[in-house]
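Each chain, written out:
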Amino acid sequence: MSQQTATRPDRTSTVGASRPGMSRRTAALIQGAFLLAIALISLVPVLAIFVGTFQDGNEVIRNGISFSIDFSELSFDNYVMLFTDSGMYFQWFWNSLVLTVVQVVGTLLVSSFVAYGFAMYEFRGKSLGFILVIILMTIPFEMLMLPLYVQVNDIGAADQYWIVVLPFLAQAVTIFFFRQYFLGVPKEILEAGRVDGVSEFGIFFRLVVPIAKPAFAAMAILNGMTIWNNFLWPLLVLRSPDKFLLPIGLNTLLTPHGNNYELLIIGSFFSLIPILILFLAFQRFFVAGMTAGSVKG
Amino acid sequence: MAETHRMKKLLYNQRLAPYLFILPFLVTLLIFWLVPVGRSVIMSFQEVLYGQATFIGTANYERLWRDQVFWKAMFNSIRYMVLTLVILVPIPMVLAAIINSKLGSSRIKNFFKSSLFVPALTSVVVAGIVFRLMFSETDSGLMNQIVEFLGFGPVRWLREDLTGLAALLLLALWRWAGVNTMYFLAGMQAIPNEYYEAASIDGASKIQQFFNVTLPGIKPTIVYVTTISVYGGLAMFLESFMLYAGNNSPNNQGLTIVGYLYRKGIQENDLGFASAVGVVLLVVVLAINLTQLTATGTFKKESTR
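## Observations regarding the overall build of chain B
For step 1, the next point in the chain: Helix and strand counts for chain B stand at 16 helices and two strands.
For step 2, the next point in the chain: In terms of overall dimensions, chain B is more spread out than a globule: its C-alpha atoms have a radius of gyration of 25 Å, far above the 19 Å expected for 305 residues.
For step 3, the next point in the chain: Based on the C-alpha atoms only, the size of chain B along its principal axes is roughly 80 × 65 × 30 Å.
For step 4, the next point in the chain: Every one of the 305 residues in chain B was classed for burial, and the buried ones make up 45%.
For step 5, the next point in the chain: The long-range fraction of contacts in chain B, counting pairs at least 24 apart against all pairs at least 6 apart in sequence, stands at 63%.

## Description of the domain arrangement of chain B
For step 1, the next point in the chain: Once the domains are mapped, chain B shows domain 1 (4–43) and domain 2 (67–303).
For step 2, the next point in the chain: The gap between the C-alpha centroids of domain 1 of chain B and domain 2 of chain B is 34 Å.

## Examining the confidence of the model for chain A
For step 1, the next point in the chain: Across chain A, pLDDT averages 85, with 90% of residues at or above 70.
For step 2, the next point in the chain: The low-confidence segment residues 1–18 of chain A (pLDDT under 50) makes 29 contacts with residues lying over four places distant or belonging to another chain.

## A short note on the interface of chain A and chain B
It is common to report an interface's size as the accessible area lost on association of the parts.
For step 1, the next point in the chain: Across the boundary between the two partners, chain A contributes 93 residues, which contact 98 residues of chain B.
For step 2, the next point in the chain: No other element matches helix 1 (residues 24–52) of chain A, which puts 15 residues into the side of chain A that touches chain B.
For step 3, the next point in the chain: Tallied by class, the residues present in the side of chain A that touches chain B amount to 59 nonpolar, 27 polar and seven charged.

## Here we look at the packing of helix 10 (residues 193–201) of chain B against helix 11 (residues 206–217) of chain B
All names here are of chain B.
For step 1, the next point in the chain: Closest axis-to-axis distance for the helix 10/helix 11 pair is 10 Å, and the angle between their directions is 140°. Considered as vectors, helix 10 and helix 11 are oriented oblique to each other. Handedness of the helix 10/helix 11 crossing: right-handed. Contacts between helix 10 and helix 11 involve Y195, Y196, A199 and S200 from the former and Q209, N212 and V213 from the latter.
For step 2, the next point in the chain: Taken together, the residues that form the contact of helix 10 with helix 11 break down as four nonpolar, three polar and no charged.

## What to know about helix 8 (residues 172–183) of chain A
The periodicity of an α-helix, 3.6 residues per turn, causes residues three or four positions apart to be oriented the same way.
Residues and elements named next belong to chain A.
For step 1, the next point in the chain: Over its twelve residues, helix 8 extends 16 Å from the first C-alpha to the last, a length consistent with the 16 Å expected when each residue adds 1.5 Å.
For step 2, the next point in the chain: Burial analysis of helix 8 places nine of its twelve residues in the buried class, the great majority of the element.
For step 3, the next point in the chain: Residues A172, T174, I175, F176, F177, F178, R179, Y181 and F182 constitute the buried set of helix 8.

## Quick notes on the domain arrangement of chain A
All names here are of chain A.
For step 1, the next point in the chain: By domain assignment, chain A separates into domain 1 (24–75) and domain 2 (87–293).
For step 2, the next point in the chain: Taken over C-alpha atoms, the centre of domain 1 sits 31 Å from the centre of domain 2.
For step 3, the next point in the chain: With eight residues of domain 1 at the interface, the matching set in domain 2 holds seven residues.
For step 4, the next point in the chain: Of all the elements in the fold, those that place two or more residues in the side of domain 1 that touches domain 2 are helix 1 and helix 2 (57–63).
For step 5, the next point in the chain: Take the side of domain 1 that touches domain 2: its biggest share by element is four residues, from helix 2.
For step 6, the next point in the chain: Partitioned by chemical class, the residues of the side of domain 1 that touches domain 2 number four nonpolar, four polar and no charged.

## With respect to helix 1 of chain A
Residue and element names in this part refer to chain A.
For step 1, the next point in the chain: Helix length check: helix 1, at 29 residues, gives a terminal C-alpha distance of 42 Å against a target of 42 Å (1.5 Å per residue), a fit within 8%.
For step 2, the next point in the chain: Of all the bends found along helix 1, the most pronounced is centred on V44 and spans about 40°, while P45, a proline, follows it within four residues.
For step 3, the next point in the chain: Along helix 1, the residues classified as buried are L35, S42, P45, I49 and G52.

## Things to note about the packing of helix 1 of chain A against helix 6 (residues 106–121) of chain B
For step 1, the next point in the chain: Packing of helix 1 of chain A against helix 6 of chain B leaves a shortest axis separation of 9 Å and a crossing angle of 25°. Classified by the angle their axes make, helix 1 of chain A and helix 6 of chain B are roughly parallel. Remark: the crossing between helix 1 of chain A and helix 6 of chain B carries left-handed chirality. Between helix 1 of chain A, through G32(A), L35(A), L36(A), I38(A), A39(A), S42(A), L43(A) and V46(A), and helix 6 of chain B, the contact on the second element is made entirely by I108(B), K109(B), F111(B), F112(B), S115(B), L116(B), V118(B) and P119(B).
For step 2, the next point in the chain: Here the contact of helix 1 of chain A with helix 6 of chain B is composed, by residue class, of twelve nonpolar, three polar and one charged.

Procedures and definitions
- Residues numbered from 1 in each chain as written.
- Chains lettered and ligands numbered in written order.
- Predicted model: local features only at pLDDT ≥ 70, side-chain atom pairs only at ≥ 80, totals over all residues.
- Helix = DSSP H or I, 4+ residues; strand = E, 2+ residues; numbered from the N terminus.
- Rg over C-alpha atoms; globule rule 2.2 N^0.38 Å.
- Buried ≥ 20, exposed ≤ 12 C-beta atoms within 10 Å, placed from the backbone.
- Contact = placed C-beta atoms within 7 Å.
- Domains from an automatic or database assignment.
- pLDDT = per-residue confidence, 0-100.
- Nonpolar A, V, L, I, M, F, W, Y, C, P; charged D, E, K, R; others polar.
- Axes fitted to C-alpha atoms, helices over the stretch in contact; angles between N-to-C directions.
- Parallel < 35°, antiparallel > 145°, perpendicular 65-115°, else oblique.
- Left-handed = near helix turned anticlockwise from the far one by under 90°.
- Expected span 1.5 Å × (residues − 1).
- Bend = angle between axes of the 7 residues up to and from the residue.

Shown next as structure tokens:
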């Protein structure tokens, strides 16, 4: 669809002839100030909760968070509490960490596997199958939560981690993305693999997966975010407090007459750290991976 | 000759391979989507009490039709969906265009991209708690400090319909602007540079280039972002659940259709009626998205690929 735009073979001239009125430098300055201002505004809520970790929890909950800070009242008490007397907090943290790693790896493998089938082969029912993938992308899980919840209770699968993970391994959005990416992989690689006697699945695992690293990095971030923060389905399924994931555990601290608001605030702040590390680690692959796998015309 | 050799082993069979590759998807589709949806449809025609199901025809749907709270929830969800579309498509698009321009320092742009993305990393629980505290009705809450700085009295944000809605929209903008900006940026970077060069030779201004080169080039991204925004908007529940610290808000002003489904099905265990709510929601979402995907030619394109 992008071909309709006027193109010309002439590539010799340069772009960006200066516009009258405003110099390039002034324009760059205004742009920089604008971007910085928005960047800082979007960091405000995170900074606010960071400040909250040094304050008295009950005060924060009663008065709301703000930037009028009384420096004499700031203390490290909450940090001491977090590492000495935070109940099940680190149990939840650990549960979330393990489950996120397992589920992200599982989702990436299963979804890329399925996507490869759609991208690389011609077979009967292919377009119908892929249209189903697209339709599934547009159906929110929230609509299925009730019947799934009833079903889980019927078969006695509640309170087990596998039921938290299993429904989401073949994940429509991730399949869609990987398929886009694989469509750009030259088919000669497959032919070369076949000539060398590699099986169809060997070609996928040994030849295609290694060259799709940027796609895996981008999807690791997007899925990692969703899974680390996953709340609704685990909330419905998990029952015993020692199996809770971090968001569920934090939510239990948000009671009207809570006596542990300090943990709620500092715990919320610390819950950002693993996912922030993941993001910063993979960030440089991110836009490249998204571009390569993005929806194309 | 090579064919017979391949046939010997399943793993080398090129005819069978695609079906094995997509098998996990088919199994998931069947067990976790089709069976529950089918079950939901059946339950919506039943009264389910203590595990005993009796068919009651369309009584649940008739009750739904007359139910004021249901319509309120429907109204809230659709209003929220439309308004998030209005803010979460154009704003990220413009931001992406600004970052994509050759102008300015890449260091600032990288900082901007990261900062804008950080909110998406927060869980809805954490985001909800922070926003609840920022929109606190005391005069020491952050938003009230700003309002008072501008010369107005403290606002009881979460007590009033429109200010509560504003809080929800701001929360959505905060969390998703960065992600959508990334989608648009990825789409824009896939547009070949020559198109812009050609346009600038023809004398097109930057603004004209945006409308004549960028917009047509990112049409698939626009379709994609719109689709996920419709989905996210109509399915919104947890944001409201966290902001109002539970599924009850003044006059149900924060009640969404999924919130109603949750209240009826999970909290009140009225499974038949809640299933009817779920089926109606499913029909609404499918109708909107299928219309949109057909109108934009997505299906046609995918099936002729």
